[in-house]
Amino acid sequence: MITPVLLCGGSGTRLWPLSRRTYPKQFAALLGPDTLFQSAALRMTGPGFAAPLIVTHGDFRFIVAEQLAAIGITPGPILLEPEPRNTAPAVLAAALMLAQTDPEGLMLIAPSDHAIPDTRAFQEAIAAAVPAAASGRLVNIGIRPTHAATGYGYLELSDPAAEGVQPLRRFVEKPDAATAAVMVAGGGFLWNAGIVLASAAAVLEAFRRHAPAMIPPIAEALSNAASDLGAIRLDPAAWARAENISLDYAVMEKADNLSVLPFTAGWSDLGGWDAVWRESACDARGVATSGAATALDCDDTLLRSDNPALEVVGLGLRDVIVVAMPDAVLVADRARADEVGQAVTALRARKARQATSFPRDHRPWGWFDSLVQGPRFQVKRIVVHPGASLSLQSHHHRAEHWIVVEGTARVTIGDEVKLVSENQSVYVPLGAVHRMENVGKLPMVLIEVQTGGYLGEDDIIRYEDVYARGQVAAQ
């Protein structure tokens with residue numbers, strides 16, 4: 001049985017404004033109805049696969065659980081990283097956990113934000129790699145290059161003419177354009193996709209031989225972990241002592257039991273909007289549109305609107321990327337799409353909220369959009385899942401008006417509890433202890449109008465919370 005280990009940590013700034021620190025690209029639906037994370041989980045589901053083990057940041061635990069539930073997958077352990085420490089600590093924590101029950105069991109380490117359209121071909125490739133992994137090899141799944149990319153590391157084959165699993169000669173760091181062109185033309189190199197099949201025992205042995213100092217802090221972080229509503233929150237103090245390093249640098253580039261399997265059925269890391277354009281369904285003129293977008297006399301262009309109320313129209317565009325969100329719009333030359341991260345850096349320097357915060361704020365009970373905000377007021381649309389509830393809370397600086405537009409809310413204000421149905425409203429005075437619950441079987445939608453001198457999300461005193469979040473900036 002193979003346990004998928006899905007790594008869900010990155011911020012994906014090159015896909016701004018769709019991908020941001022508070023809601024990175026793996027949780028977005030970029031190429032179809034499923035998110036990249038959901039597609040990755042589905043790709044590693046079926047005969048021969050155990051429930052996936054997820055490694056993610058604590059901020060994303062409810063998003064992970066919600067997206068898996070939406071596609072009918074019950075996860076295995078969900079390990080919550082106190083802070084990002086790159087891929088080596090994450091993989092080591094997963095290997096230590098799996099080794100507790102089945103040291104010789106195979107783990108399929110994979111990013112959760114890549115696109116692999118052919119699930120059947122991928123699963124066949126993994127099955128072909130099983131014998132080598134079961135014998136103690138660390139098997140890398142290498143991607144047959146389609147062009148001389150400089151954004152990937154490369155894997156050198158021992159025998160370019162051979163088929164199937166073979167020994168890996170060496171890793172090659174991201175090359176310059178001239179070197180990449182030579183390597184791709186020779187046919188002896190593959191892109192390093194960061195996908196590895198190996199036994200938990202083999203992974204642990206690699207760390208013991210090549211990065212032994214990492215094992216004590218990660219083992220301590222796991223042994224001192226706290227159960228957190230179905231997830232496992234790794235100990236922050238121990239985790240912080242682990243080196244911030246990638247799996248490749250820590251052990252893979254030093255190991256002598258490496259194998260590689262070429263994969264040729266299609267792959268993209270969707271590392272930028274140009275990659276999204278290449279993987280999208282384009283018309284005869286190379287134009288891809290998504291959402292409320294219209295292209296007129298355009299060529300080799302991506303037009304995307306993730307706001308149904310915002311129509312994007314391109315007229316006479318050539319090699320252009322346009323991505324519209326409710327709070328930000330990106331317009332870029334397609335050849336410079338990889339430079340979007342520089343725009344994020346510039347926005348951070350200006351302390352613009354759009355640099356890191358997503359316009360839709362996801363919570364364990366649902367989500368909310370901030371529709372409009374002024375000096376002393378804010379209007380939100382709030383959606384609460386069936387059976388979910390906000391915490392019992394109060395605010396120092398704001399009062400709230402709630403208007404239910406869909407469903408029925410059970411509202412607590414002080415000692416009073418009452419049902420509020422569609423087209424009814426309720427007023428929550430400043431300082432009042434209150435809670436909202438969706439007692440129905442359908443999502444409940446309301447409009448919240450906040451008034452007061454300070455409207456920040458950290459103005460909250462939480463008394464009870466079914467999600468055990470404590471005193472944090474959340475509702």
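Presented here is an overview of the structure given in this document. Quick caveat: nothing in here was measured; it's all calculated off a predicted structure.

What counts as what
Residues numbered from 1 in each chain as written. Predicted model: local features only at pLDDT ≥ 70, side-chain atom pairs only at ≥ 80, totals over all residues. Heavy atoms only, no water. Phe/Tyr/Trp six-rings, centres within 6.5 Å; stacked < 30°, edge-to-face > 60°. Helix = DSSP H or I, 4+ residues; strand = E, 2+ residues; numbered from the N terminus. Buried < 20%, exposed > 50% of the residue type's maximum accessible area, 1.4 Å probe, protein only. Lys NZ or Arg CZ within 6 Å of the ring centre and 35° of its normal. Axes fitted to C-alpha atoms, helices over the stretch in contact; angles between N-to-C directions. Parallel < 35°, antiparallel > 145°, perpendicular 65-115°, else oblique. Left-handed = near helix turned anticlockwise from the far one by under 90°. Contact = heavy atoms within 4.5 Å. Pairing = 2+ DSSP bridges. Right-handed = clockwise from strand over helix to strand, strands pointing away.

This next bit is on the packing of aromatic side chains. On inspection of all chains with the given rule, the structure shows eight aromatic pairs. On the basis of an interplanar angle of 85 degrees and a centroid distance of 6.1 Å, the ring pair of F122 and F263 is categorised as edge-to-face. Separated by 141 residues along the polypeptide, F122 in helix α4 (residues 119-134) and F263 in strand β11 (residues 258-263) bring together distant segments of the chain. Residues F122 and F263 agree in their burial class; the two are buried. Linked through ring pairs, Y23, F27, F37, F60 and F358 together constitute an aromatic cluster. A cation over a ring is seen here: R360 above W367, with NZ or CZ 3.5 Å from the ring centre. A cation sits over an aromatic face here: K380 above F368, 3.9 Å from the ring centre.

This part covers the packing of helix α3 (residues 87-99) against helix α6 (residues 200-210). Describing two packed helices takes the angle between their axes plus the distance from one axis to the other. Between α3 and α6, whose axes approach to 9 Å, the crossing angle comes to 130 degrees. Taken as axis vectors, α3 and α6 run oblique relative to one another. Crossing handedness for the pair α3 and α6: left-handed. Across from A88, V91, L92, A95, L96, L98 and A99 in α3, the residues of α6 making contact are A200, V203, L204 and F207.

What follows covers the pairing of strand β6 (residues 154-157). Consecutive side chains along a regular strand alternate between the two faces of the sheet. Here β6 shows no split at all, with Y154 and E156 on one side and L155 and L157 on the other all buried. Pairing between β6 and strand β7 (residues 166-172): four bridges, direction antiparallel. By the bridge assignment, E156 is partnered in β7 with R170. Across three bridges, the pairing between β6 and strand β8 (residues 189-199) is antiparallel. Residue pairing across strands places E156 opposite F189, the latter belonging to β8.

This paragraph deals with α6. Think of an α-helix as 3.6 residues a turn; residues three or four steps apart then line up on the same face. Every buried residue of α6 is listed here: A200, A202, V203, L204, A206, F207 and H210. Structurally, α6 contributes buried residues whose contacts are with α3, β4 (106-111), β5 (138-143), β8, α7 (215-223) and α9 (247-252).

Further remarks concern the pairing of strand β3 (residues 78-81). Here β3 shows a buried face lined by I78 and L80 and a second buried face lined by L79 and E81. Relative to β3, strand β2 (residues 53-57) runs parallel, the two sharing four bridges. Following the sheet pairing, T56 is matched in β3 by L80. Crossover β2 to β3 through helix α2 (residues 61-70) is right-handed. The sheet contact formed by β3 and strand β10 (residues 231-233) spans two bridges and is parallel. In the strand pairing of β10, L79 is matched with I232.

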